[in-house]
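The primary structure of each chain is shown beneath.
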Amino acid sequence: MLRFDVVIIGSGLAGLTSALNLADHKKVALITKRLLLDGSSNWAQGGIAAAVGENDSIESHINDTLIAGAGLSDPQISRLVATAAPKAINWLINNGVEFDRETDVSKHLHLTREGGHSQRRIVHSADATGGAVQHALAKKVIAHPNISIFEHHIAIDLITGNKLGLPENRCFGAYIFNSRSGKVITFQSDYTILATGGAGKVYLYTTNPDVSTGDGIAMGWRAGCDVANMEFIQFHPTCLYHPHAKSFLISESVRGEGGILRLPDGERFMPWHDERGELAPRDIVARAIDFEMKKRGLDCVYLDITHKGEEFIKAHFPTIYARCLTFGIDITNVPIPVVPAAHYLCGGLLTDEKACTSIPNLYAVGEVACTGLHGANRLASNSLLECIVFSFSAVQDILGSSKPARPVLPPWDESRVTDADEEIVIAHNWEELRRFMWDYVGIVRTTKRLTRAMHRIELLREEIDEFYSNYRVSHDLLELRNLVVTADLIVRSALARKESRGLHYSRDYPHQLEIALPTILHSLPEISKSISFV
Ligand code: FAD
Ligand code: SIN
């Protein structure tokens, strides 16, 4: 058993920001299932939205957020986040992050542009903003004496009052599997922060890294947290299409800086779909590409930035240029083959403005949370911002709270399990789940396909629960168990929405209802009790 004031699960931007802001006051455990820098944050390209430009305003940032959110973004939360954005950028700069600056005498921050933004508003470090941010913050986290980092430790489940048979369902920490030693450790904490990121790996094609398997959402759900808006999966319009390129994003800022989407014969098609052309919000661009690909039987479409010239391209998109070149694509000379891919989960564990979930002492920050900011469609580059702003909120709430009582926690019990003899079951089910989610729960949905997906999820769920109850846990099994819960929540939410709004498009309900309502699923603690512990 290990005891900390705060256990943070996840070392993306949400986890690192929370850890750094807590560490002068609290003993912090930072748990991460692979290496410290593994996560979407480190892969982020375009940048961070903040109204810091001369002609920009907080009101305009709020307005663009609300328009993208298709009536479902919470206006108060949007105001909170947009207002805090300049402070968030300053905090990063003070922690050593170097953003691109104008080359003129002003040396103001250089701002790039992305879809849905009415202004140049994206603060960035060339086309590798996430890497610049994560490397700078990780350096500070590693050096802080109050932060203990646990790499290759994957959280299995939260320890809650419900599980202990106590009258109140508080969170007291988590069971964590050390995937190197094979041992499960009990981490006791006064406060627990879930910062586990998104769930792109629930789909066959995704821009996300391997760690994005919906673990925090599944853990929170099993523990009794409410979950919201899971049907709103953002498909990024432009992921590199190449047989050997796994998950490589072509940043929206390529379109922001003038990139044009073309059919194989070179014809531009976005103006047929939206008057904003390539800079329409992502849901519209992704659906337009999907439409053109299906109509013409295409494997991909093309993103053309060649007209901007070699010098501009190499200066603004050095990472994308270099990566494409490794696949033999010189983006200064030829258009880039692209397809849409699952990119961002707008829904998640329902949280309030303090980042509190519906379970006391349990916080959720970053992509794992549904704060109300993104509504039915996230505005580009609002996500890294949300990680920082709600980390600040969670920390403020923790530092203002009185220390809770610490009950005695039972150790992990594996007296009734044996070593797995059929690992192939895990690999097969991973593959099957991701494929039918792509085919049946993609960019354009129908009730029939969603129902099909639901039936398959029920079968997989039974099989995986049985496997989990009988065999010792492993990294892959834990992720698969979480993916199937996440898939279930996505499909259930999609079936519940009887309209098309933002990222959720149903052929059976093509119209948008007049009143915008979130989809909130309430977790049943009985379910969590029956499947969470061996
Ligand atoms: P992550 O950064 O994904 O971190 C999650 C962490 O949790 C990881 O450390 C992971 O290992 C850990 N973890 C997960 N489960 C467990 C477990 N069970 N036990 C222990 N550890 C666990 N957004 C923008 O605003 N601007 C951009 O330019 C931008 N570009 C993007 C480009 C790409 C390619 C991608 C994939 C996303 C991009 N996004 C962007 C979205 C944004 O990067 C993410 O939403 C954001 O980084 C999420 O941060 P996070 O801290 O919540 O999660
Ligand atoms: C990108 O660079 O296109 C990603 C931006 C985002 O997801 O917000």
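First, a word on what this report is: a plain description of the structure on this page.

Observations regarding the overall build of the protein
Looking only at helices and strands, the protein features 17 helices and 18 strands. On C-alpha atoms alone, the protein measures out to a radius of gyration of 22 Å, which is about the 24 Å that the 2.2 N^0.38 rule sets for 534 residues. Structurally, the protein occupies a C-alpha span of about 65 × 55 × 50 Å along its principal axes. Expressed as a percentage of its 534 residues, the buried residues of the protein come to 62%. Here the contacts in the protein between residues at least 6 apart in sequence split such that 74% fall between residues at least 24 apart. For the protein, the accessible surface area stands at approximately 20600 Å², while carbon and sulfur atoms represent 51% of it. Of note, the protein has its 54 positive side-chain charges centred 2 Å away from the centre of its 63 negative side-chain charges.

Quick word on the packing of helix α1 (residues 13-22) against helix α13 (residues 383-399)
Two elements in contact, α1 and α13, have axes separated by 8 Å at closest approach and are oriented at 35°. When the axes of α1 and α13 are compared, the crossing they make is right-handed. When α1 is examined against α13, the residues Leu13, Ala14, Thr17, Ser18, Asn21 and Leu22 are found in contact with a partner set consisting of Leu384, Cys387, Ile388, Ser391, Phe392, Val395, Ile398 and Leu399. A class-by-class count of the residues in the contact of α1 with α13 yields 10 nonpolar, 4 polar and no charged.

Some remarks on the site of ligand 1
Looking at ligand 1, there are 40 residues lining it, with Ser41, Gly47, Asp215, Glu367 and Ser383 nearest. For ligand 1, an oxygen atom lies 2.8 Å from a polar atom in the backbone of Leu384. Computed on the free molecule, ligand 1 has an accessible area of 1000 Å², of which 98% lies beneath the protein chains in the complex.

A closer look at the sheet that holds strand β5 (residues 122-123)
What holds strands together in a sheet is hydrogen bonding between their backbones, with the strands either parallel or antiparallel. What the 3 strands build is an open sheet, ordered β3-β5-β4; its pairing is antiparallel. Across the chains shown, the open sheet's two edge strands, defined by having one partner strand only, are β3 (48-49) and β4 (111-112).

Concerning the environment of Ser251
As for its placement among the helices and strands, Ser251 is situated in the loop between β11 (233-240) and α8 (252-256). Classification of Ser251 as buried rests on a relative accessible area of 1%. Placed 207 residues apart in sequence, Ser251 and Ala44 show a C-alpha to C-alpha distance of 8.7 Å. Residues contacting Ser251, with those up to four places away along its chain left out, are Gln45, Gly46, Glu114 and Ile320. At 2.7 Å, the side chain of Ser251 and the side chain of Ser253 are in polar contact.

Thoughts on the site of ligand 2
In the neighbourhood of ligand 2, the contacting residues comprise Gln45, Gly46, Glu114, His236, Leu249, Ser251, Glu252, Arg282, His343, Arg378, Ala380 and Ser381. Separating an oxygen atom of ligand 2 from a backbone N or O atom of Ser381 is a distance of 2.6 Å. Residue composition of the shell around ligand 2, by class: 2 nonpolar, 6 polar and 4 charged.

Description of the environment of Ser500
Looking at the secondary structure, you find Ser500 in the loop between α16 (475-496) and β18 (520-521). A C-alpha to C-alpha distance of 30 Å links Ser500 and Val211, two positions 289 residues apart in sequence. Setting aside residues up to four positions removed in sequence, Ser500 forms contacts with Tyr505, Ser506, Tyr509, Pro510, His511 and Gln512. For Ser500, the side chain forms a polar contact with the main-chain nitrogen of Ser506, separated by 2.9 Å.

Regarding the sheet that holds strand β10 (residues 227-228)
Strand order in the open sheet formed by 4 strands is β17-β15-β10-β18, and the pairing between neighbours is mixed. Each end of this open sheet is capped by a strand with a single partner; those strands are β17 (369-370) and β18. In this sheet, strand β15 (residues 348-350) lies alongside β10 in antiparallel orientation, the contact comprising 2 bridges. Within the sheet, the bridge partner assigned to Val227 lies in β15 and is Leu349. Sheet strands touched by helix α7 (residues 215-223): β10, β15 and β18. Its angle to β15, the strand with the most contacts, is close to 40°.

Quick look at α1
Within α1, 9 of the 10 residues are buried, which leaves the element mostly enclosed by the surrounding structure. Among the residues making up α1, those that are buried are Leu13, Ala14, Gly15, Leu16, Thr17, Ser18, Ala19, Leu20 and Leu22.

With respect to the pairing of β11
When you tally the buried positions in β11, you get 8 out of 8 residues, the bulk of the element. Relative to strand β14 (residues 336-345), β11 runs antiparallel, the two being bridged by 6 bridges. Across the sheet, the residue bridging to Phe235 is Ala342, located in β14.

Focus: the pattern of salt bridges
In total, this model carries 31 salt bridges according to the counting rule given. For Arg121, the salt bridge is made with Asp64, and the minimal N-O distance between the two is 2.8 Å. With Arg121 in the loop between β4 and β5 and Asp64 in helix α3 (residues 58-68), the pair connects residues that are 57 residues apart, well separated along the chain. For the pair Arg121 and Asp64, a shared accessibility class is recorded, and that class is buried. In this structure, Asp210 and Lys201 form a salt bridge, with 2.8 Å as the shortest nitrogen-oxygen distance. Here the salt bridges share partners, and the residues they tie into one network are Asp5, Asp190, Lys403 and Arg406.

A few points about the pairing of strand β7 (residues 153-160)
Counting buried positions along β7 gives 8 out of 8 residues, so the element sits mostly inside the fold. Here β7 pairs with strand β8 (residues 171-178) via 7 bridges, running antiparallel. By the bridge assignment for β8, Leu158 is matched with Ala174.

A look at a negative patch on the surface
A cluster of like negative charges, contributed by Asp421, Glu422, Glu423 and Asp476, occupies part of the molecular surface. Within the fold, Glu422 resides in the loop between α13 and α14 (424-440).

Description of helix α15 (residues 447-470)
With 24 residues, α15 extends 35 Å from end C-alpha to end C-alpha; this agrees with the ideal 34 Å at 1.5 Å per step. Those residues of α15 not exposed but buried are Leu450, Ala453, Met454, Ile457, Leu460, Arg461, Ile464, Phe467 and Tyr468.

Details of the packing of aromatic side chains
Summed over all chains, the structure comprises 11 aromatic pairs. Taking 5.0 Å as the distance between ring centres and 80° as the angle between the ring planes, the aromatic pair formed by Tyr205 and Trp438 counts as edge-to-face. With a gap of 233 residues between them, Tyr205 in the loop between β9 (183-194) and α7 and Trp438 in helix α14 connect regions that are remote in the sequence. Between the aromatic rings of Phe467 and Tyr471, the centroid separation amounts to 4.7 Å while the plane-to-plane angle is 50°, which identifies the pairing as tilted. Of the two residues examined, Phe467 and Tyr471, each falls in the buried class. Every member of this aromatic cluster is reached through a ring pair, and the members are Tyr203, Tyr205, Phe235 and Trp438.

What counts, and at which threshold
- Residues numbered from 1 in each chain as written.
- Chains lettered and ligands numbered in written order.
- Predicted model: local features only at pLDDT ≥ 70, side-chain atom pairs only at ≥ 80, totals over all residues.
- Heavy atoms only, no water.
- Helix = DSSP H or I, 4+ residues; strand = E, 2+ residues; numbered from the N terminus.
- Rg over C-alpha atoms; globule rule 2.2 N^0.38 Å.
- Buried < 20%, exposed > 50% of the residue type's maximum accessible area, 1.4 Å probe, protein only.
- Contact = heavy atoms within 4.5 Å.
- Areas by Shrake-Rupley, 256 points an atom, 1.4 Å probe, with all protein chains shown as cover.
- Lys, Arg positive; Asp, Glu negative; His and termini not counted.
- Charge placed at Lys NZ, Arg CZ, Asp CG, Glu CD.
- Axes fitted to C-alpha atoms, helices over the stretch in contact; angles between N-to-C directions.
- Left-handed = near helix turned anticlockwise from the far one by under 90°.
- Nonpolar A, V, L, I, M, F, W, Y, C, P; charged D, E, K, R; others polar.
- Near = heavy atom within 4 Å.
- Polar contact = N/O pair within 3.5 Å; in protein donor to acceptor, adjacent residues only side chain to side chain.
- Pairing = 2+ DSSP bridges.
- Salt bridge = Lys/Arg side-chain N within 4 Å of Asp/Glu carboxyl O.
- Patch = residues over 30% accessible without salt bridge, like charges linked within 9 Å, V, L, I, M, F, W, Y side chains within 5 Å.
- Expected span 1.5 Å × (residues − 1).
- Phe/Tyr/Trp six-rings, centres within 6.5 Å; stacked < 30°, edge-to-face > 60°.

Keep in mind that these numbers describe shape and distance, not what the molecule does.
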